[in-house]
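In case you want the letters, here they are:
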Amino acid sequence: MSHIKFRPESYQLTEDKQKTVQNISFQKIDQLTSLIYINNPNTIFQFGNHVVEELLKNADMVLLSLSMKEFDEKTEMLSILLNNVSNISGTFFPFAKCLKDSISSCRKTEKCFQKYPDTDKILNQFFTQADSYVKESESSFELCERLFHDSVVLYHDLIAYILAGRQGCKELQEAIKETTDNELLDIYRKSIQFLQERIKQLSTAEQFTEKFIISLKRIILKHYEFRHKQKHLMKVSISVFRHMYAQTLFSIRQHVEKASEPDAYIAEGFAIHTEMLEAQWQTIVAELKELQWIKKGLRQEHEKNMADLKTLKNTFSANRT
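All of the points below concern the structure found in this document. Computed from a predicted structure; not experimentally measured.

Now for the packing of aromatic side chains. The final tally for this structure, using the stated rule, is 15 aromatic pairs. Note on Phe-92 and Trp-281: the rings are 5.8 Å apart at their centroids and 50° apart in plane angle, and the pair reads as tilted. Residue Phe-92 is found in helix α5 (residues 68-104), and its partner Trp-281 is found in helix α9 (residues 264-320); the two are separated by 189 residues along the sequence. Ring plane angle 70° and centroid distance 5.5 Å describe the contact between Phe-95 and Phe-113, whose orientation is recorded as edge-to-face. Highlighted residues: Phe-95 in helix α5 and Phe-113 in helix α6 (residues 110-115), separated in sequence by 18 residues. Across the pair, exposure class does not vary: Phe-95 and Phe-113 are buried alike.

Written out as structure tokens, the structure is:
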């Protein structure tokens, strides 16, 4: 995603607009102005129209990608994970207790693996679900950032067309001063009138785009806390548990099961490791519950923000016709 230049967390619209106006080259303005032909009014009526159409398409994509249906589908796995941890806890904690008791009393732990044979399987299924959830969530969030970036790029294009339109009016006004041909004067004046009207229309599109970008930024930033905690859960808490779990089982089999005589010191160390493993699983459960709580509040805000965004887009579309 390094090719995305405009990111919601650092974007400031007023500053960006000022820089865009300052940085648009005279060559760019001349290139756009040259698209206007006074003997073809359609070149004025349609001036910058493809940018407006792309903005509306982008707005539709945003509304589709961030719809409540998509929000619920993308976060459904969180509820599934939370339900699964409750089921897993019912197997994992007795398994962990069995290991801890066996190690503490210097007994063999093989009976624990025999008594709870599905522990590895259900944990691995949970890890797979968690990995899948992370990938899908990141993909969805990257799409939002891409749509935000595209909106800003189109906004810049719109500003360029407005500046070019104003330049076109200046050139026509200069042409009026230099001609005495009444027929040509009439064409110039009508062209200015048409172009000024078109600039007003593009300015309305500019205002819509500014509001749309600000609204989209607000929506995405509201998701940042959720995303941050989600990434911490998946990439830190669960990763730590996976490593601890694998290391604990490996060490048990290497040092406890193969020992010719019980070693109370080693057994005590492994009992502590098992307790840490239990505590880490409790952390995962707590973080999942916190995510579910954040999601509930986020959903309410998201629903309102998306309704406002849809109203904004529909109002602009209706006023164009």
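Along the polypeptide, Thr-209 turns up in helix α8 (residues 182-256). Looking at Thr-209, the relative accessible area reads 2%, which means it is buried. With sequence-adjacent residues up to four places away left out, Thr-209 is seen in contact with Leu-55, Ser-151, Tyr-155 and Leu-158.

With that settled, the discussion passes to helix α4 (residues 49-65). Its 17 residues place the ends of α4 24 Å apart at the C-alpha level, agreeing with the 24 Å of an ideal helix rising 1.5 Å per residue. Looking at α4, one finds that the buried residues are Asn-49, Val-51, Val-52, Leu-55, Leu-56, Asn-58, Ala-59, Val-62, Leu-63 and Ser-65.

Turning to the state of the cysteines, a few remarks are in order. Under the criterion given, the structure shown has one disulfide. One disulfide in the model links Cys-98 with Cys-112; its S-S distance is 2.2 Å. An S-S torsion of about -85° defines the bridge between Cys-98 and Cys-112 as left-handed. One end of the pair, Cys-98, is in helix α5; the other, Cys-112, is in helix α6, with 14 residues separating them in the sequence. The same class applies to Cys-98 and to Cys-112, which are both buried.

Of all hydrophobic cores here, the largest spans 50 residues; its most connected members are Tyr-11 and Phe-212. Every element with two or more residues in this core is listed here: α2 (26-33), α4, α7 (119-177), α8 and α9. The element that contributes the greatest number of residues to this core is α7, accounting for 16 residues. Residue contacts for Phe-212: discarding those within four places in its chain leaves Ala-59, Val-62, Ser-151, Leu-309 and Leu-312. Listed in part, the 41 residues of the second largest apolar core include Leu-82, Phe-93, Ala-96 and Leu-288.

Let us now look at the side chain of His-223. Secondary-structure assignment places His-223 in helix α8. When its relative accessible area of 12% is taken as the criterion, His-223 is described as buried. When sequence neighbours within four positions are dropped, the list of residues in contact with His-223 reads Phe-71, Phe-141, Leu-298 and His-302.

Turning next to the packing of α2 against α7. With their axes 8 Å apart at the nearest point, α2 and α7 run at an angle of 70° to one another. Between α2 and α7, the interaxial angle falls into the category roughly perpendicular. For the pair α2 and α7, the contacting residues are Lys-28, Ile-29, Asp-30, Leu-32 and Thr-33 in the first and Ala-160, Tyr-161, Leu-163, Ala-164, Gln-167, Gly-168 and Glu-171 in the second.

Running from N to C, α4 and α7 cross one another at 160°; their axes reach a closest spacing of 10 Å. In this view, α4 runs roughly antiparallel relative to α7, as classed from their interaxial angle. Crossing angle aside, the handedness with which α4 passes α7 is left-handed. From α4, His-50, Val-51, Val-52, Glu-54, Leu-55, Asn-58, Met-61, Val-62 and Ser-65 reach across to α7, where they touch Leu-143, Leu-147, Asp-150, Ser-151, Leu-154, Tyr-155, Asp-157, Leu-158 and Tyr-161. A class-by-class count of the residues in the contact of α4 with α7 yields 11 nonpolar, four polar and three charged.

Another aspect to go through is the pattern of salt bridges. Evaluation of the coordinates by the stated rule reveals 17 salt bridges. A salt bridge links Asp-131 to Arg-242; the shortest N-O distance between them is 3.2 Å. In this pair, Asp-131 sits in helix α7 while Arg-242 sits in helix α8, placing the two residues 111 residues apart along the sequence. A residue is classified by how much of its surface remains accessible, and Arg-242, at 32% relative accessible area, is partly exposed. Salt bridges linked by common partners bring Arg-7, Glu-145 and Arg-227 together as one network.

What counts as what
Residues numbered from 1 in each chain as written. Predicted model: local features only at pLDDT ≥ 70, side-chain atom pairs only at ≥ 80, totals over all residues. Heavy atoms only, no water. Phe/Tyr/Trp six-rings, centres within 6.5 Å; stacked < 30°, edge-to-face > 60°. Helix = DSSP H or I, 4+ residues; strand = E, 2+ residues; numbered from the N terminus. Buried < 20%, exposed > 50% of the residue type's maximum accessible area, 1.4 Å probe, protein only. Contact = heavy atoms within 4.5 Å. Expected span 1.5 Å × (residues − 1). Disulfide = S-S within 2.5 Å. Core = buried A, V, L, I, M, F, W, Y, C linked by side-chain atoms within 4.5 Å. Axes fitted to C-alpha atoms, helices over the stretch in contact; angles between N-to-C directions. Parallel < 35°, antiparallel > 145°, perpendicular 65-115°, else oblique. Left-handed = near helix turned anticlockwise from the far one by under 90°. Nonpolar A, V, L, I, M, F, W, Y, C, P; charged D, E, K, R; others polar. Salt bridge = Lys/Arg side-chain N within 4 Å of Asp/Glu carboxyl O.

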